[in-house]
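Next come the chains, spelled out residue by residue.
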Amino acid sequence: MPNPQSLAVIGLGYVGLPLALEAIRAGIAVVGYDTSHRVIRDLNAGGSHVDDLCDSDISEMLGRGFRATESIADIRDANTYVICVPTPLSPEGGPDLSAVRLAARAVAEVIDGGDLVVLESTTYPGTTEEVLAPILESSGLTAGVDFHLAFSPERIDPGNPDFRFRNTPKVVGGINDASTKAATGFYSRVCDSVVVAAGTREAELAKLLENTYRHVNIALVNEMVQFSQQLGIDLWDAIRCASTKPFGFQAFYPGPGVGGHCIPIDPNYLSHRVRTELGQSFRFVELAQEINAGMPAYVARRVQDLLNELRLPVKGSKVLLLGVTYKADISDQRESPAVPVAELLLRLGAELSYWDPYVPEWVVGTPVPRVEELGASLALFDCLVLLQAHGALDVEALSERRSVLLDTRGFVPGAVRL
């Protein structure tokens, strides 16, 4: 097993940077590699571009010897390489592995015998052995013989104050026992708990299972909220009551759609793999995707209905969207359902504005005007739509508003709920 005294983190985003920070705090020498000149420049100047690390964290890293680089030559001395690059959805429905392949080729140029390589990027089962290993073996070394190879799914939850990189259990699976042992040894230094998987495919599937579970259950309550509203039932109260059962139930809540990189994206990797390899559909995922993707249109219809009750057409009505990020109290807008909601309302002719303390500018085809402060300005709008319940929301001001409020999060007492 290699002695992980020198680590190269490939990909310095919301996954790679927390790993780099914990490794440095564990006494491991760390260099970060990224292809973005802006990211490299800002990090070396002490600036953070991810929500979970502040500028003082980057300053601490720099003070402990961290450096960010665009040069492959600068990662040559590492003996542990962890790949944390994006895997966006491809047009075919599976993961776009171009960044993974690029990272693997970079590592193949510098890898030595005895080194450890770990993939953390979310992907379909089989990627580590079928895609990553052959590229790395172009170095002339053999995976599992000359160097160790493993997969460990990222479990970063941006903005979560309770579970960070170190105290979130780390799943690890290698292509053989020696690789699993090497990866376990490394992660044991930077994480409080390591969970050993049977192999890389089991570790790869574990990540997809986690997010598919959430995707399907969110779709369940998103469908339930639609017929509950028509039947005059308060679904949030039903969830509250069901949550009192001490076993067999976990609460999920409806919303305007699902956002972020994980839930709306990752389950598609699995359904794509099942479809291409086995020639069959993964019906739960496909149905969940259909339901969740339809929620922005449902929100727009509810806005239209509420304005109709006021004898107002959507066209020309002033509508304020509250919170446009995909998750509360972070600036990340990836796959935010606020975008399709805005697109639909703009198409209907609404005069749209938004409030979000984490988003200084917002463009949805055209720039959307930003409201700096709530309070008196609420009276200027015909309809308010709460899409994301940021902690900075003034609940008292929203409770005393004169405009109609559609609350998609069940956050404001007395508001019209989704």
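Details of the structure are given in the entry above.
Residues numbered from 1 in each chain as written. Predicted model: local features only at pLDDT ≥ 70, side-chain atom pairs only at ≥ 80, totals over all residues. Heavy atoms only, no water.

## Concerning the overall build of the chain
Across its full length, the chain holds 13 helices and 15 strands. Against the globule reference of 22 Å for 418 residues, the chain gives a C-alpha radius of gyration of 23 Å, in line with a compact fold. C-alpha atoms of the chain, sized along the principal axes, occupy 75 × 50 × 40 Å. The proportion of buried residues among the 418 residues of the chain is 52%. When contacts within the chain are restricted to residue pairs at least 6 apart in sequence, those whose partners lie at least 24 apart make up 69%. With an accessible surface of roughly 18,300 Å², the chain has 52% of that area assigned to carbon and sulfur atoms. Taken as two groups, the 35 positive and 52 negative side-chain charges of the chain have centres that lie 3 Å from each other. (Helix = DSSP H or I, 4+ residues; strand = E, 2+ residues; numbered from the N terminus. Rg over C-alpha atoms; globule rule 2.2 N^0.38 Å. Buried < 20%, exposed > 50% of the residue type's maximum accessible area, 1.4 Å probe, protein only. Contact = heavy atoms within 4.5 Å. Areas by Shrake-Rupley, 256 points an atom, 1.4 Å probe, with all protein chains shown as cover. Lys, Arg positive; Asp, Glu negative; His and termini not counted. Charge placed at Lys NZ, Arg CZ, Asp CG, Glu CD.)

## Quick word on the side chain of Asn211
Inspection of the secondary structure puts Asn211 in helix H7 (residues 200–231). With residues up to four places along the chain from it excluded, the contact list for Asn211 reads Cys262, Ile263, Asp266 and Pro267.

## Here's the deal with the sheet that holds strand S7 (residues 170–174)
As summarised here, the arrangement of the eight strands in space is S3-S2-S1-S4-S5-S6-S7-S8, forming an open sheet in which the pairing is mixed. Strands at the two margins of the open sheet, each flanked by one partner only, are strand S3 (67–69) and strand S8 (194–196). Between one strand axis and the next, the sheet turns through 25° on average, direction left out of account. Strands in contact with helix H5 (residues 127–136) are strand S4 (80–83), strand S5 (116–119) and strand S6 (148–151); relative to S6, the strand with the most contacts, it is inclined by about 145°. (Pairing = 2+ DSSP bridges. Axes fitted to C-alpha atoms, helices over the stretch in contact; angles between N-to-C directions.)

## Quick notes on the sheet that holds strand S14 (residues 404–407)
Taken in spatial order, the five strands line up as S10-S9-S13-S14-S15 in an open sheet, and their pairing is parallel. Strands with a single pairing partner mark the edges of an open sheet, and in this sheet they are strand S10 (351–355) and strand S15 (416–417). Along the sheet face, helix H11 (residues 295–309) touches strand S13 (383–386), S14 and S15 and points at about 160° away from the line of S14. Of the strands in this sheet, strand S9 (318–322) and S10 touch helix H12 (residues 338–347), which is tilted by about 180° from S9.

## Quick word on the side chain of His272
The residue His272 is located in helix H9 (residues 266–278) in this model. Aside from chain neighbours lying at most four places away, what touches His272 is Glu92, Gly93 and Gly94.

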